[in-house]
Number of protein chains: 2
Amino acid sequence: MIDELCAKIRQLKAPVVAGLDPMLSYVPDYIIKQSLDEFGETLEGAADAIWQFNREIVDHIYDLIPAVKPQVAMYEQFGVPGMEAYQRTVDYCHEKGLIVIGDVKRGDIGSTSAAYAAGHLGKVQVGSRKLAAFNEDFITVNPYLGTDGIKPFVDVCREEKKGLFILVKTSNPSSGEFQDRLIDGRPLYEWVGEKVAQWGEEVMGCSYSYVGAVVGATYPEMGKVLRRLMPKSFILVPGYGAQGGKAEDLVHYFNEDGLGAIVNSSRGIIAAYKKEPYASRFGPEQFGEASRQAVIDMIEDINGALQARG
Amino acid sequence: MIDELCAKIRQLKAPVVAGLDPMLSYVPDYIIKQSLDEFGETLEGAADAIWQFNREIVDHIYDLIPAVKPQVAMYEQFGVPGMEAYQRTVDYCHEKGLIVIGDVKRGDIGSTSAAYAAGHLGKVQVGSRKLAAFNEDFITVNPYLGTDGIKPFVDVCREEKKGLFILVKTSNPSSGEFQDRLIDGRPLYEWVGEKVAQWGEEVMGCSYSYVGAVVGATYPEMGKVLRRLMPKSFILVPGYGAQGGKAEDLVHYFNEDGLGAIVNSSRGIIAAYKKEPYASRFGPEQFGEASRQAVIDMIEDINGALQARG
């Protein structure tokens, strides 16, 4: 799947992923009204609203970008109906030819990680059949439990040719509290980054490993170091736009081949219609068009910065 | 909820939680056959089998223990139908008067943690209504992202009088890879433990904080240190039994008041019928009775060790 991701990024000239993190507050009122009229003020109603919202956004952007990254928490908060909306979103994005990065940040002891890996990336055995459940192409994983919590995910990736992005340095303000603490003179995130590179060695695609890393756009100097430490790991970069990351800071997350990183924007794309410069051009009824324009602008912004680097 | 947990532990004399982590391989063949006959070899069939299995176990043990800890991965691996089985299990345990610790190990940047917190412990706003989704009483949380990834969970706990167990030192063999690394001369897990104590200060129950910690039974020396570092944090202790933790090692996880820790066993209880000394007394049809006996024996084992400590 990492090879497909590389190929699609090259083909579309778009190292960009759209974060499908639909807070209800992003969904235009007329969609919420339709869904609640049909399902009542219920979890089903909320889940339907975010699914309708997602579908229209996907319809407007699927031809521009290689991948989407649904944040499962935004679905899980609506319980089982929310998880149905998550599954529909994953399946619909697949129908539209998009690669799906499930932002699930799972991670546990070995036998439990094996269950997460089967349910999200692999297959579960039920009687004589092997069945896929959520079936994302990549997922994000938390490294706090160490190698035996990660290995079951890597094993499933090898089998299914799927991929991981392991949290190394996250984009949030307090990520440094533990991640930046020095161990033998080097911050924890570097030690995690080295492990990511090691875990990835045995599952290589053409140029990049199946095992990638999450490094926030908000810490560009650390991104530069981590790029060198994990030369074969694709970096998923959250934090562009709404969280403060700028395109010119992100060029160091890429390798010389122009690959090696994919930049995520969530709010900046899916809630574009609520903010300038899009709000005055696109009303709530054109939220899909606003998202499309935001994606076009983001691709141009990042490609511009990459070209300026030369 | 922490006060309810303390009260129930005292009343039942049972600082024990049963881990409802139903792998399909634990479920007796005749239950799997019934479910697959009804639903086919589908995710629905698998989910029904684990739900039927859970229900019979809960029926046999609910009067002995204060709490259960379903591991969501074992449900999530069966996709949306699995999450339905999880929800049914949570709701059924509540009906039986059990406290439910959702072992979900979530954790993300602030806005995303807020969504997880709402969906698992709190309520989501849908139109004019506030609705609970999964509605566990406690959940486990991963600390890798630091304070701003934890605070939204603490806020919801304050509001709903619910609780957390934050991963400090996990029970798995490679937990030391990052958790034991020295930072200014002290292992990372101690720094995390200190933060857990701090995060918990502002949400105190009668004797213990709403914010507890996970410390594996397999590292008793570290448990001793962490008990002192986090005097007001309840410790959830996985790793007893099947993973190798012994009762005499666990006394140091308790405070002088006989409280402060709750010990989990999963396989050792729910798959008791498959292993000696239970296998020869209880056939697969008596798996519920075997679980009950295993719970009785575990309570006796732990209380015996606590009494021996004096």
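Preceding block: the structure.
Note that the structure is predicted; figures quoted are calculated from it, not measured. Position numbers for residues count from 1 along each chain, tracking the sequence in the order it is written. Labels follow written order: the first chain is A, the first ligand is 1, and so on. Note on the predicted model: pLDDT of at least 70 is required for a residue's local features to be given, and 80 or more for side-chain atom pairs to be given and counted; whole-chain, interface and lining totals, by contrast, use all residues. For the side-chain quantities, the full set of heavy atoms in the structure was used; hydrogens and water were omitted.

Draft legend 1. The arrangement of the overall build of chain A in detail. Put simply, DSSP H or I for four residues or longer makes a helix, DSSP E for two residues or longer makes a strand, and each gets a number counted from the N terminus. Within chain A one finds 13 helices and 12 strands. The globule rule is 2.2 Å times the number of residues to the power 0.38, and the radius of gyration it is compared with is taken over C-alpha atoms. Its C-alpha radius of gyration of 19 Å places chain A within 12% of the 19 Å reference for a compact globule of 310 residues. Its C-alpha atoms give chain A principal-axis dimensions of about 55 × 55 × 40 Å. Partly exposed residues are those whose accessible area sits between 20% and 50% of the maximum for their type, while under 20% is buried and over 50% is exposed, using a 1.4 Å probe and protein chains only. For chain A, with 310 residues in total, the buried portion stands at 65%. Contact between two residues is taken to exist if any of their heavy atoms lie within 4.5 Å; hydrogens are not considered. Of all intrachain contacts in chain A linking residues separated by at least 6 positions in sequence, the fraction that spans at least 24 positions is 73%. Note on areas: Shrake-Rupley with a 1.4 Å probe; residue coverage comes only from the protein chains shown. Within the structure as shown, chain A displays about 10,600 Å² of accessible surface, and the carbon and sulfur contribution to it stands at 50%. Positive and negative side-chain charges of chain A, numbering 32 and 42 respectively, have mean locations separated by a distance of 4 Å. A residue counts as positive if it is Lys or Arg and as negative if it is Asp or Glu; His and the chain ends are not included. Lys charges are placed at NZ, Arg charges at CZ, Asp charges at CG and Glu charges at CD.

Draft legend 2. Summary view of the relation of the copies chain A and chain B. C-alpha atoms of residues with pLDDT of at least 70 in both copies form the basis for the least-squares superposition of the copies. With an RMSD of 0.0 Å, chain A superimposes on chain B once it is rotated by 180° and translated 0.0 Å along the axis. On the angle and the small slide along the axis, the relation comes out as a two-fold axis. Measuring from the rotation axis to each C-alpha of chain A, the shortest distance belongs to A:Ile183, at 2.6 Å. Looking at chain A, 100% of its interface residues are interface residues in chain B too, so the copies touch through the same face.

Draft legend 3. Quick peek at the packing of helix H3 (residues 43–61) of chain A against helix H13 (residues 287–309) of chain A. All names here are of chain A. Here, axes are lines fitted to C-alpha atoms. For helices the fit covers the stretch in contact, and angles between N-to-C directions go from 0 to 180 degrees. Axis separation between H3 and H13 bottoms out at 8 Å; the angle between their running directions is 45°. Taken as axis vectors, H3 and H13 run oblique relative to one another. Crossing hand, H3 versus H13: right-handed. In this structure, H3 contributes Phe53, Glu56, Ile57, His60 and Ile61 to the contact, and H13 contributes Phe287, Gly288, Glu289, Ser291, Arg292 and Val295. Think of it as three bins: nonpolar holds Ala, Val, Leu, Ile, Met, Phe, Trp, Tyr, Cys and Pro, charged holds Asp, Glu, Lys and Arg, and polar takes everything else, Gly as well. Its residues placed into classes, the contact of H3 with H13 shows five nonpolar, three polar and three charged. By definition in this entry, angles of less than 35 degrees are roughly parallel, angles greater than 145 are roughly antiparallel, angles of 65 to 115 are roughly perpendicular, and the rest are oblique. Crossing chirality is assigned from the near helix's rotation relative to the far helix, an anticlockwise turn below a right angle marking it left-handed and a clockwise turn marking it right-handed.

Draft legend 4. Representation of the packing of helix H3 (residues 43–61) of chain B against helix H5 (residues 79–95) of chain B within the structure. All names here are of chain B. Close contact between H3 and H5 brings their axes to 8 Å; oriented N to C, the two are set at 15°. Of the possible angle classes, the one that applies to H3 and H5 is roughly parallel. As for the relative orientation of H3 and H5, their crossing is right-handed in sense. Note on element contacts: H5 touches H3 through Pro81, Gly82, Ala85, Arg88, Thr89, Tyr92 and Cys93, opposite Leu43, Glu44, Ala47, Ile50, Trp51, Asn54, Arg55, Val58 and Asp59. Classifying every residue of the contact of H3 with H5 gives nine nonpolar, three polar and four charged.

Draft legend 5. Spotlight on the sheet that holds strand S12 (residues 261–265) of chain A. All names here are of chain A. Pairing between strands requires that DSSP locate at least two bridges from one strand to the other. Taken in spatial order, the eight strands close into a barrel running S1-S2-S3-S6-S7-S10-S11-S12, and their pairing is parallel. Ignoring which end each strand starts from, the neighbouring axes of this sheet average 30° apart. With five bridges connecting them, strand S7 (residues 163–169) and strand S10 (residues 211–215) associate as parallel partners. Within S10, the position partnered with leucine 164 by the bridge is valine 211. Lying on the sheet, helix H9 (residues 188–201) is in contact with S7 and S10; it crosses S7 at an angle near 165°.

Draft legend 6. The arrangement of the interface of chain A and chain B in detail. Of the residues lining the interface, 71 residues belong to chain A; the matching set on chain B comes to 71 residues. Once two parts are put together, the accessible area they lose, assessed with a 1.4 Å probe and summed over both, is termed the buried area. Between chain A and chain B, roughly 5,800 Å² of surface is buried when both sides are summed, and carbon and sulfur atoms account for 61% of that area. If you sort the residues of chain A by the area they bury against chain B, A:Glu41, A:Tyr144 and A:Phe178 come out on top, with a joint share of 16%. In what follows, salt bridge is the name for a side-chain nitrogen of Lys or Arg lying within 4 Å of a carboxyl oxygen of Asp or Glu. For the pair chain A and chain B, the number of links is six salt bridges. Two residues, B:Arg181 and A:Asp184, come together in a salt bridge whose shortest N-O distance is 3.3 Å. Polar contacts, as counted here, are pairs of nitrogen or oxygen atoms within 3.5 Å of one another; within protein the pair requires one atom able to donate a hydrogen and one able to accept it, and residues that are adjacent in sequence qualify only if both atoms are side-chain atoms. Viewed at the interface, chain B and chain A are joined by 33 residue pairs in polar contact (both at pLDDT 80 or more).

Draft legend 7. Focus on the packing of aromatic side chains. Classification of ring pairs rests on two measures: the distance between centres of Phe, Tyr or Trp rings, Trp counted by its six-membered ring, which must be within 6.5 Å, and the angle between planes, read as stacked under 30 degrees, edge-to-face over 60 and tilted in between. As enumerated under the stated definition, the model contains 16 aromatic pairs over all chains in all. Both rings, one in A:Phe178 and one in B:Trp199, keep their centres 6.4 Å apart while their planes meet at 85°; by these two values the pair is edge-to-face. Taken together, the positions of A:Phe178 in helix H8 (residues 176–179) and B:Trp199 in helix H9 (residues 188–201) put the pair across two chains. Both residues of the pair, A:Phe178 and B:Trp199, belong to the buried class. Through a chain of ring-to-ring contacts, the aromatic side chains of A:Phe53, A:Tyr273 and A:Phe287 assemble into a single cluster. Sitting over a ring, as applied to charges here, requires NZ of Lys or CZ of Arg to be within 6 Å of the ring centre and within 35 degrees of the ring normal. Over the ring of B:Trp191 we find A:Arg181; its NZ or CZ atom is 4.1 Å from the centre of that ring.

Draft legend 8. Geometry of unusual backbone geometry. All names here are of chain A. For the bond from glutamate 276 to proline 277, the omega torsion is 5°, close enough to zero to count as cis. Tracing the backbone through its elements, the reader meets proline 277 in the loop between helix H12 (267–270) and H13. Even without being glycine, lysine 161 reaches a positive phi, approximately 55°. Structurally, lysine 161 can be placed in the loop between helix H7 (147–160) and S7. We note that aspartate 184 has phi near 50°; this positive angle belongs to a residue other than glycine. In this fold, aspartate 184 is placed in the loop between strand S8 (182–183) and strand S9 (186–187). The class for aspartate 184 is exposed, based on a relative accessible area of 64%.

Draft legend 9. Summary view of the side chain of A:Ser209. Residue and element names in this part refer to chain A. As for its position among the elements, serine 209 is in the loop between H9 and S10. Serine 209 gets classed as buried once you look at its relative accessible area, which sits at 2%. A distance of 2.9 Å separates a polar atom in the side chain of serine 209 from the backbone nitrogen of valine 211. For serine 209, the contacting residues outside a window of four places in its chain are Ile2, Gly200, Val203, Met204 and Lys232.

Draft legend 10. Main features of H3(B). Multiplying 1.5 Å by the helix residue count minus one yields the expected span of that helix. Across its 19 residues, H3(B) extends 27 Å between first and last C-alpha, which sits within 8% of the 27 Å expected from 1.5 Å per residue. The buried fraction of H3(B) amounts to 14 of the 19 residues, a majority that puts the element mostly inside the structure.

Draft legend 11. Just a negative patch on the surface, in detail. Where like charges cluster on the molecular surface, the negative patch consists of A:Glu44, A:Glu84, B:Glu44 and B:Glu84. Relative to the helices and strands, B:Glu84 is located in helix H5. Candidates for patches are residues over 30% relative accessible area with no salt bridge; among them, like charges are joined within 9 Å and nonpolar side chains (Val, Leu, Ile, Met, Phe, Trp, Tyr) within 5 Å.

Draft legend 12. Representation of the pattern of salt bridges within the structure. Going through the model one piece at a time under the given rule, you end up with 34 salt bridges over all chains. One salt bridge connects B:Arg186 with B:Glu194, and the closest N-O pair in it is separated by 2.8 Å.

Draft legend 13. The arrangement of the sheet that holds strand S7 (residues 163–169) of chain B in detail. Judged by pairing direction, the barrel is parallel, and its eight strands sit side by side in the order S1-S2-S3-S6-S7-S10-S11-S12 (chain B) before closing back on the first. Taken over all neighbouring pairs, the strand axes of this sheet differ in orientation by 30° on average, direction set aside.

Draft legend 14. Focus on the environment of B:Phe254. Residues and elements named next belong to chain B. With respect to the element layout, phenylalanine 254 can be found in the loop between helix H11 (247–250) and strand S12 (261–265). Look at phenylalanine 254 and you get buried, because its relative accessible area is 3%. C-alpha separation for the pair phenylalanine 254 and arginine 181, spaced 73 residues apart in sequence, amounts to 25 Å. Apart from residues no more than four positions distant in its own chain, phenylalanine 254 is found in contact with Pro15, Arg227, Leu259, Ala261, Val263, Ile302, Leu306 and Arg309.

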